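# Report on the structure
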Amino acid sequence: ALVGLSAFQSRQHPLLIWVAFAVPASGAVVGMLGFLAIIAAGDADRVVVGGLSVSAWAISSIGVTTLFLGSALFALATWRARSLSRGAAALLGVGALLIMPAIFGVTGGLLPPVLAGALLIIAILAFPAGWITLGVSALRVGSPQPAATAGAA
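Just so you know, these numbers come straight off a predicted model, no measurement behind them.

## As for the overall build of the chain
Within the chain, the regular secondary structure consists of five helices and two strands. Reading the chain from its N terminus to its C terminus gives the helix and strand order α-α-β-β-α-α-α. Counting every position in the chain, which comprises 153 residues, the buried fraction comes to 32%. Partitioning the contacts of the chain with sequence separation of at least 6, the portion at a separation of at least 24 is 67%.

See the structure below:
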């Protein structure tokens, strides 16, 4: 899905778009590897990977955090490219940026419980809604336009 959506923006801002693709995609992969390590480790606090003892929980947390930050970057790139819905990009950006303070507010007690809970609900709703509405806007636009060639008549 990231590659397909990136194709819509890549003509105007190729470097920004492909970085905005690479960051959340790598976060998703690292997060999945961390989750697999959690499953493999069972009750163990750490797993051995290539001779190194690492926390499977930390690996998955880094991956998921990278996925959210990369999604915010993807939302920014989509907003700048103007090739897909800016409203969808804003929804994705809000969801991606609110999820981390909401989680820390809930788990760390950094925010009043009512505010932390409200932020968490907004983020949980906005994040997937942003991705879904970006996909719907891509369907409405049709296929990505080819790059303009220099000197074409």
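Now that the structure has been shown, we can carry on.
## What about helix H5 (residues 113-141)?
With 29 residues, H5 should cover 42 Å at 1.5 Å per step; its first-to-last C-alpha distance of 41 Å lies within 8% of that length. Taken together, the buried positions of H5 are Ala116, Leu119, Ala123, Ala126, Phe127, Gly130, Leu134, Ser137 and Ala138.

## Description of the nonpolar core
Phe68, Phe74, Leu92, Ile99, Phe127 and Leu134 are the most contacted members of the largest nonpolar core, which totals 17 residues. Where this core is concerned, the elements lending two or more residues are helix H2 (14-41), helix H3 (56-81), helix H4 (86-108) and H5.

## Quick word on the packing of H3 against H5
Remark: H3 packs on H5, axes separated minimally by 12 Å, with the N-to-C direction vectors making an angle of 40 degrees. Classed by the angle they form, the pair H3 and H5 counts as oblique. When you trace H3 past H5, the crossing you get is left-handed. Of the residues in H5, those in contact with Phe68, Ser71, Phe74 and Thr78 of H3 are Phe127, Trp131 and Leu134. Taken together, the residues of the contact of H3 with H5 sort by class into five nonpolar, two polar and no charged.

## Digging into the packing of aromatic side chains
Applying the stated rule across the entire model yields two aromatic pairs. Measuring from ring centre to ring centre gives 4.9 Å for Phe68 and Phe127, while their planes differ by 70 degrees; the resulting arrangement is edge-to-face. With Phe68 in helix H3 and Phe127 in helix H5, this residue pair connects regions lying 59 residues apart in the sequence. For Phe127, a relative accessible area of 15% puts it in the buried group. Here the aromatic rings of Phe74 and Trp131 are separated by 5.1 Å at their centres, their planes lie at 40 degrees, and the arrangement is tilted. Residue Phe74 is located in helix H3, and its partner Trp131 is located in helix H5; the two are separated by 57 residues in the primary sequence.

## Things to note about the side chain of Ser55
The topology assignment puts Ser55 in the loop between strand S2 (52-54) and H3. By relative accessible area, Ser55 is classed as buried at 19%. At 3.1 Å, the side chain of Ser55 forms a polar contact with the backbone nitrogen of Ala58. In this view, Ser55 contacts Asp45 and Arg46; residues no more than four positions away in its chain are not counted.

## Points about a nonpolar patch on the surface
A contiguous nonpolar surface patch, about 420 Å² in accessible area, is contributed by Val29, Leu33, Leu36 and Ile39. Note that Ile39 resides in helix H2. Ile39 gets classed as exposed once you look at its relative accessible area, which sits at 66%.

## A short note on H2
With 28 residues, H2 extends 40 Å from end C-alpha to end C-alpha; this agrees with the ideal 40 Å at 1.5 Å per step. Regarding H2, the residues found buried are Ile17, Ala20, Pro24, Gly27, Gly31, Gly34, Ala37 and Ala41. Phi for Gly42, located one or two positions after H2, is positive at around 65 degrees.

Reading the values: the criteria
- Residues numbered from 1 in each chain as written.
- Predicted model: local features only at pLDDT ≥ 70, side-chain atom pairs only at ≥ 80, totals over all residues.
- Heavy atoms only, no water.
- Helix = DSSP H or I, 4+ residues; strand = E, 2+ residues; numbered from the N terminus.
- Buried < 20%, exposed > 50% of the residue type's maximum accessible area, 1.4 Å probe, protein only.
- Contact = heavy atoms within 4.5 Å.
- Expected span 1.5 Å × (residues − 1).
- Core = buried A, V, L, I, M, F, W, Y, C linked by side-chain atoms within 4.5 Å.
- Axes fitted to C-alpha atoms, helices over the stretch in contact; angles between N-to-C directions.
- Parallel < 35°, antiparallel > 145°, perpendicular 65-115°, else oblique.
- Left-handed = near helix turned anticlockwise from the far one by under 90°.
- Nonpolar A, V, L, I, M, F, W, Y, C, P; charged D, E, K, R; others polar.
- Phe/Tyr/Trp six-rings, centres within 6.5 Å; stacked < 30°, edge-to-face > 60°.
- Polar contact = N/O pair within 3.5 Å; in protein donor to acceptor, adjacent residues only side chain to side chain.
- Patch = residues over 30% accessible without salt bridge, like charges linked within 9 Å, V, L, I, M, F, W, Y side chains within 5 Å.
- Areas by Shrake-Rupley, 256 points an atom, 1.4 Å probe, with all protein chains shown as cover.
- Salt bridge = Lys/Arg side-chain N within 4 Å of Asp/Glu carboxyl O.

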